[in-house]
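# Residue-level structural notes
For reference, the chains in residue letters:
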Amino acid sequence: MPALACCVDAAVAPPGYAAFIAGDSSLTAAVPFSSSTTTTTTVTNASVNSNSTHWSPAHSSALYRIDGWGAPYFSVNNSGNITVRPYGTDTLAHQEIDLLKIVKKVSDPKSVGGLGLQLPLIVRLPDVLKNRLESLQSAFELAIQAHGYESRYQGVYPVKCNQDRFVVEDIVKFGMPFRFGLEAGSKPELLLAMSCLCKGSPEALLICNGFKDAEYISLALLARKLALNTIIVLEQEEEVNLVIDISKKLSVRPVIGVRAKLRTKHSGHFGSTSGEKGKFGLTTAQILRVVKKLQDTGMLDCLQLLHFHIGSQIPSTALLQDGVGEAAQIYSELVRLGADMKVIDIGGGLGIDYDGSKSGNSDLSVSYGLQEYASAVVNAIRFVCDRKSIKHPIICSESGRAIVSHHSILIFEAMSASAPTTPAMNQINLPFIMEGLSEDARADYWNLSDAAVIHENETCLLYADQLKQRCVEQFKEGTLGIEQLAAVDGLCDLVSKVIGASEPARTYHVNLSVFTSIPDFWGIGQIFPVVPIHRLDERPEVRGVLSDLTCDSDGKIDKFIGGETSLPLHELEGSGGGANGRYYLGMFLGGAYEEALGGVHNLFSGPSVVRVSQSDGPHSFAVTRAMPGPSCGDVLRVMQHEPELMFETLKRRAEEFCGQDHGNDGANAALASSLARSFHNMPYLVAVSSCSLTAMNTNGFYYCNEEDYNAAVESGASEDEQWSFCCA
C-alpha cells in the first residue's frame, strides 16, 4: 500500500516503491489457492501449497482429492494425465488407460487415424461397469458367509439410472453368472427390460415398480408368460384389483410384491421419498387390506416380495440398519399372515462418495464402503428372521447409482478464459482520473490515499468501493466518460490486488451445455468432481469458474467439491500444454441419471459417445463403438422442425438473393453445401484446427475396424501413435 500512497504525493516516496514498480513488491504475495483435502494420499497439505518450488502429479492428486472420490478407478500418471484403472484394485500397471490418449484418438481427424468426432464426449468404460457389478456381488457373498445367512443375494439394476441400450445389455451379460436382473418403472422401461432379459439368466428378477394402469399390468403378466421371472410390485392399493382381474382374464398366476412406507426417514435431499409422507408405497393399514383382498380371492400365495426404499445416497449404515430392520419386521409379519414370502427388496440407497470426504453428514458422500453396506443389510435381516424363526429371504437391491456412476466420464474443452484486468502501477493515469471527479469522489480518493499511507487495508477497500460507486453514478448522469470510468475501475482493482485481497475467479468458457450434460447441477445443486484430465504435473496458477455455451445465467458451474466456489485451473496456452494447446476437463461419477435428464436448452444436443475397453495394444485400450453426438438437424427435429424443408427454403432464398451472378455456379454450390453442413454438424463450437466434420451425418454407429487401423498405419504413424482396435 505505500506504493499507492506515493501516487498521490510523489514528493514523499515510501521505501520499496521503486522495487514495487519494477515488480518486486515487499508485500506478501496472495496465494492463488490452498489445499485442505482429507484424502488418503501421503502428500501433506504444506507440500500442496502453491509456494512449493516443485509440482508433481501427486500434488494434483491431493489438490483435486482424486484418491478420495476416484479410488480405485482413477489416478494420475507420471505424465500428469488422469488414467483409468479398469479393474479397480486388480488393475496392473500396463493395463491403465490414459484419458488424454482416448480424447486424442477420438477427436483426431480420420486422415491421421482418429475418429474425427467432436467434443463434448462421453467415455463409457464397460470394464469398470463389470467390476462394479462384481464388487457388489462379492460384498454380499462375503457378508452372507460371514453372518451365516442361509439364502442368497440377487440384485437388479434400475434402468432409470441409465437406459442406454449398451449399458443395460452389458449389465445383463455381466450379471448372468449371479442371476442379476432389471427393475422397470414405466411401460417403455418394462419393454426394454423384457427384451434384454431374454438374453439373461432365467432366474433373473424383473421387478415392476412405478404407477401402473391396465396396460402396464397386462404387459408384466405377458412377461411371465414369456418365462421371465416377473414380480409386480404394488405402489398403490387399487393396483391389486387390476392385478387380480387381469391375471384371471389372461390365465396367468402373478407373483406380487408390495412396497411399504417405512417410518424410518432419510433426512437428506434424497430422502424425500421416505417416511410416512413419501410419494410411493403402502401404509401398514393398506398392506393389511391388500393381504385380505388376496386371501379372499385365493391368491395370498402370490404375495412373495416386500419392497421398500429409504432414499438415494443413504449416508450411514446406522440409518440403513434401522430401515432394513423395520422392513424385516414387516416381512416377518407377512409370513405370519400366510403370504408365501421369498424376497426382500431393499431398494436403492447404496451411495457413492462424490467429494472424497467419507462423511455421513452430506448428500455428497457416504461414511461406508460396499462391504460395510452389505454386512449391515445382511445382519439386520438375519437378526429379525432368526428371532422370529422364519426362513431367511433372498436379498434383492436396486443399487443403480453405485453400479453405473463410475463407468462414464464426460470430457469437454475450455475454449477461452477471461483475462486479468488489473493494470500495472505505472499504467494508472491519476491526473486523467482526477479531472472528471465530483467533489465527493475526490474526497473518497484522498481518504483512500491517506489510509494507504498508514496501512489501513480495510479502510482502503472501503474508500475504493465508495469511489467506484460514486463514479458509476456520475457515468449514469453523463458527467464522467467511459475512459475515466474504466481508469477508476483499474485503480480500484489495483488497490485490492496490492493489499492482498483475493483475486476474483477467472471465467473459463467451456464447450458444453450444463442443462444438457450436467442437469442435476442446475436442477438440484448436485456436485460432481470436475478435474483437468491433463497438465496435472504443472501447478494450477489460477482459480476459475466454468461458463457454458447457453444464453442463460444459470449455465455455469460455480460450486465444486470441498465446498469450493472456484476450481484450481491452468492458464490456457496457444500451443503446447501436452494436447496441442487444448485444455480438457472431465466430469466424473456422472454415469447415473445425467443423460436421461438432460434437455435441449438453446437447442444444444447431447455429446458424442465412445465405448472403450482395456486391451493389450500399445495404448492399453480399444474403441469398440463410437457415435457422433446429435446434429443441429437432429435436435431441430426434437422440437418438431423439419430440417430438410428448412434447408430447401434457405437454399431457394440463397439462389434468389445471392445467385444474381449466373456465371458463378461454383459459389452458389458452395453456399448450398455450407448450409447443408450446418444442419449436419453438432451444435457445439469447433476449434480452428478441428476436423470434426469427418464424422458428420454418419446416421448411426461408427465402428472401429481393421481397415481404419491399417489406414492409420499406412499413413505413416509411428509405433507410439498406432492404436489398439477391436472389431465391433
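Each chain has its residues counted from 1, following the order in which its sequence is written. Selection of residues for local features in this predicted model requires a pLDDT of at least 70, selection of side-chain atom pairs for listing and counting requires 80 or more, and totals for whole chains, interfaces and linings are taken over all residues. Calculated side-chain values reflect all of the structure's heavy atoms, with hydrogen atoms and water omitted.

### A look at the overall build of the chain
- Regarding its fold elements, the chain presents 26 helices and 21 strands.
- Burial here depends on accessible area, computed with a 1.4 Å probe over protein chains only, as a share of the maximum for the residue type. Under 20% is buried, over 50% is exposed, and the range in between is partly exposed. With 728 residues in all, the chain has 53% of them scored as buried.
- Whether two residues are in contact is decided by their heavy atoms, any of which lying within 4.5 Å being enough. Here the contacts in the chain between residues at least 6 apart in sequence split such that 74% fall between residues at least 24 apart. Where helices and strands are cited, they refer to DSSP runs of H or I of at least four residues and of E of at least two residues respectively, numbered from the N terminus.

### Re the nonpolar core
- Side-chain atoms within 4.5 Å are what join buried Ala, Val, Leu, Ile, Met, Phe, Trp, Tyr and Cys residues into a set we call a nonpolar core. With 151 residues, the main nonpolar core has Tyr157, Leu303, Leu334, Leu546 and Phe588 as its most contacted residues.
- Excluding anything up to four places from it in sequence, Leu546 contacts Phe412, Tyr508, Val510, Val530, Gly555, Lys556, Ile557, Phe560, Leu569 and Leu585.
- Membership of the second largest hydrophobic core comes to 22 residues, among which are Tyr445, Ala451, Leu485 and Val488.

### Considering the sheet that holds strand S1 (residues 74-76)
- A pair of strands is considered paired only if DSSP assigns at least 2 bridges between the two. One open sheet accounts for three strands, arranged S1-S2-S3; its pairing is antiparallel. Taken across any chain shown, the strands that pair with only one partner, and hence form the sheet edges, are S1 and strand S3 (97-98).
- Here S1 runs beside strand S2 (residues 82-84); their pairing, made up of three bridges, is antiparallel. Paired with Phe74 across the strands is Val84, a residue of S2.

### So, the environment of Ser316
- As for its placement among the helices and strands, Ser316 is situated in the loop between strand S10 (303-307) and helix H13 (317-336).
- The spatial distance from the C-alpha of Ser316 to the C-alpha of Ser359 is 8.6 Å, given a sequence separation of 43 residues.
- Not counting residues up to four positions away in its chain, the partners in contact with Ser316 are Ser367 and Tyr368.

### So, the sheet that holds S10
- Here we have eight strands laid out as an open sheet, ordered S5-S6-S7-S8-S9-S10-S11-S12, and parallel in their pairing. Looking at which strands have only one partner, the edges of the open sheet turn out to be strand S5 (156-158) and strand S12 (394-396). Looking at each pair of strands side by side, their axes are set apart by 25 degrees on average, direction ignored.
- Where strand S8 (residues 229-234) lies against strand S9 (residues 256-259), three bridges are found, and the strand directions are parallel. By the bridge assignment, Ile232 is partnered in S9 with Ile256. Comment: axis = line fitted to C-alpha atoms, over the contacting stretch for helices; angle = value between 0 and 180 degrees taken between N-to-C directions.

### With respect to the side chain of Arg401
- Here Arg401 is to be found in helix H15 (residues 400-404).
- Charge assignment: positive for Lys and Arg, negative for Asp and Glu; neither His nor the chain ends contribute. For this document, the term salt bridge refers to a Lys or Arg side-chain nitrogen within 4 Å of an Asp or Glu carboxyl oxygen. Although buried, Arg401 forms no salt bridge, and the nearest oppositely charged side chain, Asp520, lies 5.7 Å from it.

### A few points about the pairing of strand S14 (residues 506-510)
- Burial along S14 is one-sided: the residues Arg506, Tyr508 and Val510 are buried and none of Thr507 and His509 is.
- Looking at chain direction, S14 and strand S16 (residues 542-547) are connected through four bridges and run parallel. Each residue of the ladder has a partner; that of Thr507, found in S16, is Val545.

### A closer look at the pattern of salt bridges
- According to the stated counting rule, one finds 32 salt bridges in the structure shown.
- A salt bridge links Arg124 to Asp164, with the nearest nitrogen and oxygen atoms 3.5 Å apart. A residue pair is termed long-range when its members are at least 10 positions apart, and Arg124 in strand S4 (residues 121-124) and Asp164 in the loop between S5 and helix H8 (165-175) qualify at 40 residues.
- For the salt bridge of Glu564 with Arg543, the shortest nitrogen-to-oxygen distance reads 3.2 Å. Taken together, the residues Glu564 in the loop between strand S17 (556-557) and strand S18 (567-569) and Arg543 in strand S16 connect sequence positions 21 residues apart.

### Brief notes about the packing of H8 against helix H9 (residues 187-197)
- Running from amino to carboxyl end, H8 crosses H9 at an angle of 40 degrees, the nearest separation of the two axes being 10 Å. The angle between H8 and H9 places the two elements in the oblique class. The handedness of the crossing between H8 and H9 comes out as right-handed. Residues Val168, Glu169 and Val172 of H8 form the contact with H9, whose own contacting residues are Leu192, Cys196 and Leu197.
- Here the nonpolar group is Ala, Val, Leu, Ile, Met, Phe, Trp, Tyr, Cys and Pro; Asp, Glu, Lys and Arg are the charged ones; every other residue, Gly included, is treated as polar. When grouped by side-chain class, the residues that make up the contact of H8 with H9 number five nonpolar, no polar and one charged. Oblique is the label for any angle not covered by the other classes, which are roughly parallel (under 35 degrees), roughly antiparallel (over 145) and roughly perpendicular (65 to 115). With the far helix as reference, a near helix turned anticlockwise by less than a right angle produces a left-handed crossing, and one turned clockwise produces a right-handed crossing.

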